[in-house]
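A look at the structure
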Amino acid sequence: MEHLNKNNNKNNIPFPYVYYQCTCQVVSKIRRDIFFSTNQFPLKEPVESEINSTTISHFPPTHFNHYRLKSIYNLYFCPSCCEIHCPDCVKNDFLCFYCPNCLFDVPQASVVSEQNRCIRNCFECPVCFNVLTVVSQKDVLPTSASTSSITDEQNSYYLACNVCQWKSLEIDLSFDKSTGLYLQLQKKESVLPHEVEFQNLRNYYDKCLRSNSNMNSINTKRLSALFGNSSSLLISPSIISHIPDLKTKLILAKRENNQKSDEYNKTNDNQDSTILMEDELEMIRLKNLENMEELTSLEQKLNQPEDQPKFLSHLRIHRIPLRVKLQTKCNKCEKILIKQEIQKMKKPSNIRFAIKCFARDYIPNIFIQQLIPNKPLYKDMPVQVLLKFVNPLSQEIQVSLTTLPNKQNENENKSKPKIDTDIKKSAPKSPMSPIFGRRTSSLMASPKARKRGPSLKISTAPIIPTKIKEEQYKKSEGVSSCNVTVLAKNFKIPAYDPLKEFENETEPTEQKQVGIFEKKKNSVSIVVEVRPTGNVNDRVEFPILVTYSFVNDQKEVDNETPISPNYAELSHGVQKFVSFWTVIGIGKIVEENIDNNKDNKNKENKNKKK
Amino acid sequence: MEEEIIYYDKSEYIETDSGNKISRKSVISVPQNIVLGGKTIIQQNCIIRGDLRRKGSGYAVVIGIGKYCLLGEDSIIRPPYKIYKGVFSYYPMKISDYVHIGQRTIVEAARIGQYVIIGNDCVIGRFSVIKEYCRILDNTVIPPNTVIPSFSVYGGNPGRFISELPESSQIIFEQKAKQYYDRFIAKIEEDDKKTSN
Ligand SMILES: [Zn+2]
Ligand SMILES: [Zn+2]
Ligand SMILES: [Zn+2]
Ligand SMILES: [Zn+2]
């Protein structure tokens, strides 16, 4: 009972829902299985070819990883691998850098030189970190005789915060012009101690570099001897030899250090003494402090790490840090899945996608259409769930559904879960008929299977795991709280036709298949009968394995059209199978005789009090 | 699953030819200065200040609102103002398609892009610009002149960047906005039924 509650806590997806299991979950489960059968580190990656609809069918989502399930909107689909991907199993690349305030795109080259900050007129408040606005001194003064006397030339500008009313005048900062503030500020910033120090160091090493040009020929053995046990201990000679630039720099640094060390240290000494003086002055000031509000907060100090000022008056304004746009790639084949259209040096305000491979445009979209009856769920009271499958593809698809085996009898189930070992052994060959070969259940199977010993050939025979795994699965097994019956296990969904989208519904004349509620354009609604078998407050949720197949009937594969899903690898007329697990949650079991949740909750509380 | 239907009192709402549903209990000052895109819902006690405009005669578009928008109960839409070169003046506001504005929220933005969801009890400061695909959490105060880039979630007081939205937000927001309109259905009074029968 204890672990059951734990699982319920972990899995708190609000009802009703249809969630999907990403392929990467199967991959990680296979890795874990390999580990349990071999006990070897590092974890072995499954071979790519092993991830197919058959292997996927062996790994239904367990209650352990329900929190890893995704809604279809958060999933991607790689058209060349024919695989579902989620944000956890894609690669991200920088696409462009931009300022979140002025929205201008910043070229990659100047991103580095400008310290990842906006080079336009965007500054953040040093006190509350909101955006500062330029205020003209002229506008602020009351309209009196004095205002009119200020001509445009005399006018000055300052930055003000709209949130905390901080003004740059508080740190004696004002500007002559309202444009090009960064350039005006740069002059003032360039005399700051840390900037001066950086410039000095830079000039120093630049000089070192320039004065040496024929040191490249030095061999690595001598180099390592040279560096022996002094600086750069961590850099191995072989690495140095591969980076010619670094090699020269190191040599130069070393040589220059020996020759000119006195020269540079001198300036350091001077600075040390001034810092000491400043420290003392600061201490005196702190001792005589009357108003705590003059001091900076930790957050404010960390926002200015160069000197971490103690007083508000020592804060400086900072340019706004840039944000980045990412593009998303398949982690297997590097195909770009999501890419925004970027117009260089323009405001990236209009969002258009150059490439978008959302799963919802490729895999059947599943919705819970209706519950019949739409009432609270009682134990052993069957409900009909109408599941609507929508085909987003421009081809007809064949869908086949598989559910986990139902409990025959509750008592029987508790002692010994129902297992279908025979089916498991004869691993399904055609993905079209994914025979239920759930390995989780096979773990509790006959001792025969266990004796076969570990095997690594995942694609052919499932690995027989060790005892550790067995126990893990047993725990997850007990939570199944409903029996599920799907009558229409195989059905076809017509292709999506954008031209028909606004046409009126035409009721198909063909006779109805058993278990199919209705067919509309590119969607099919099926009836799933669910009988809750668990206890009161158990979550009623069940996995369904969806396998869909289609034939690429596009005679010419047109790579240029991003709108229609393009299965590049598929040649004309080849049937392709794709499988994925979904979990459908419809609600919690409530106690009988009680019709609404409020009463139920009251009852619960009463029970707790007892 | 289809979400629950929101019934409204048929006598309370006016439905325009383009499908706008406007509560009679809302306050819309100088409607001639306001443009609605169609299928937009304006709920009760919502105040839209079409009267606050730059000096001049005749009508001008002061507030433009796109299609499939929702102005929640008790929300206030007020054009932004500022003193420019010594002259106090109001400036027009543009709200794009698929924008939901929560209950009791005050909006003084300059522009709100498409697919934006603003929570309840928010203040959207003067001349702030919200780009496409954004979400403003409940109880957020966006300071004046703030620019909110696309795919951002903002929250807090003052409103700060919280997280990024997934790229698929457009589809979700569009569905949400359309579904809300479809779910917003007039409740036919039983008396009406009787008379029609
Ligand atoms: Zn994944
Ligand atoms: Zn900027
Ligand atoms: Zn501030
Ligand atoms: Zn791929």
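Read on for an overview of the structure. Because the structure is predicted, anything quoted here is derived from the model rather than measured. In every chain, residue numbers begin from 1 and rise along the written sequence. Naming scheme: in the order in which they are written, chains are lettered from A and ligands are numbered from 1. Residues qualify for local features only when their pLDDT is at least 70, as the model is predicted, and side-chain atom pairs are given and counted only at 80 or more; totals for whole chains, interfaces and linings, by contrast, use all residues. Excluded from the side-chain calculations are hydrogens and water; all other atoms, namely the structure's heavy atoms, are used.

As a further point, take the interface of chain A and chain B. Throughout, a residue-residue contact means that at least one pair of heavy atoms, one from each residue, lies within 4.5 Å. With 30 residues of chain A at the contact, the number on the chain B side is 27 residues. The working definition used for a salt bridge is a side-chain nitrogen of Lys or Arg within 4 Å of a carboxyl oxygen of Asp or Glu. Scanning the region where chain A abuts chain B turns up one salt bridge. With its nearest N and O atoms 3.6 Å apart, the salt bridge here joins Arg323(A) to Glu164(B). Whenever a nitrogen or oxygen atom comes within 3.5 Å of another N or O atom, the pair is scored as a polar contact, on the condition that within protein one atom can donate a hydrogen and the other can accept it, and that pairs from neighbouring residues in sequence are kept only if both atoms are in side chains. Taken together, chain A and chain B are joined by five residue pairs in polar contact (both at pLDDT 80 or more). Helix and strand assignments come from DSSP, with helices taken as H or I runs of at least 4 residues and strands as E runs of at least 2, each series counted from the N terminus. Of all the elements, strand 13 (residues 365–372) of chain A adds the most residues to the side of chain A that touches chain B, at four residues. Lys, Arg, Asp and Glu make up the charged group, whereas Ala, Val, Leu, Ile, Met, Phe, Trp, Tyr, Cys and Pro make up the nonpolar group; the residues left over, Gly among them, are polar. Here the residues of the side of chain A that touches chain B sort into 15 nonpolar, eleven polar and four charged.

Our focus in this paragraph is the sheet that holds strand 2 (residues 13–15) of chain B. Spatially, 2-3-6-9-14-17-20-23-24 (chain B) is the arrangement adopted by the nine strands of the open sheet, whose pairing is mixed. Only two strands of the sheet have a single neighbouring strand rather than two, namely strand 2 and strand 24 (160–164) of chain B. The rule for pairing is simple: two strands pair if DSSP sees at least two bridges between them.

This part takes up the coordination of the zinc ion (ligand 3). Residues and elements named next belong to chain A. Protein coordination at the zinc ion (ligand 3): the donors are Cys-125 (SG), Cys-128 (SG), Cys-161 (SG) and Cys-164 (SG), at 2.2 to 2.3 Å from the metal. Distances decide who is a donor: an N, O or S atom must be within 2.8 Å of the metal, or within 3.2 Å for Na, K and Ca. Water is not included, so sites may look incomplete. Working rule for geometry: tetrahedral if four donors all subtend angles between 85 and 135 degrees; square planar for four, octahedral for six, if opposite donors exceed 155 degrees and the others stay between 65 and 115; irregular in every other situation. Here the zinc ion (ligand 3) binds four donor atoms, and the angle range of 98 to 116 degrees at the metal identifies the geometry as tetrahedral. In primary sequence terms, the donor set of the zinc ion (ligand 3) follows C-x2-C-x32-C-x2-C. Here the residue Cys-125 occupies a position in the loop between strand 6 (123–124) and strand 7 (132–136), and Cys-164 occupies one in the loop between strand 8 (157–161) and helix 7 (181–189), the gap between them amounting to 39 residues.

Residue and element names in this part refer to chain A. For the zinc ion (ligand 2), the protein coordination sphere consists of Cys-99 (SG), Cys-102 (SG), Cys-118 (SG) and Cys-122 (SG), at 2.2 to 2.3 Å. Note that the zinc ion (ligand 2) binds four donor atoms; their angles at the metal cover 104 to 114 degrees, and the shape is tetrahedral. Written as a sequence motif, the donor arrangement for the zinc ion (ligand 2) is C-x2-C-x15-C-x3-C. One end of the pair, Cys-102, is in the loop between strand 4 (90–98) and strand 5 (105–106); the other, Cys-122, is in the loop between helix 4 (108–113) and strand 6, with 20 residues separating them in the sequence. A simple rule labels every residue: compare its accessible area, found with a 1.4 Å probe on the protein chains alone, to the largest value its type can have, and call it buried under 20%, exposed over 50%, or partly exposed in between. By relative accessible area, Cys-102 is classed as buried at 14%. Judged by relative accessible area, which is 4%, Cys-122 ranks as buried.

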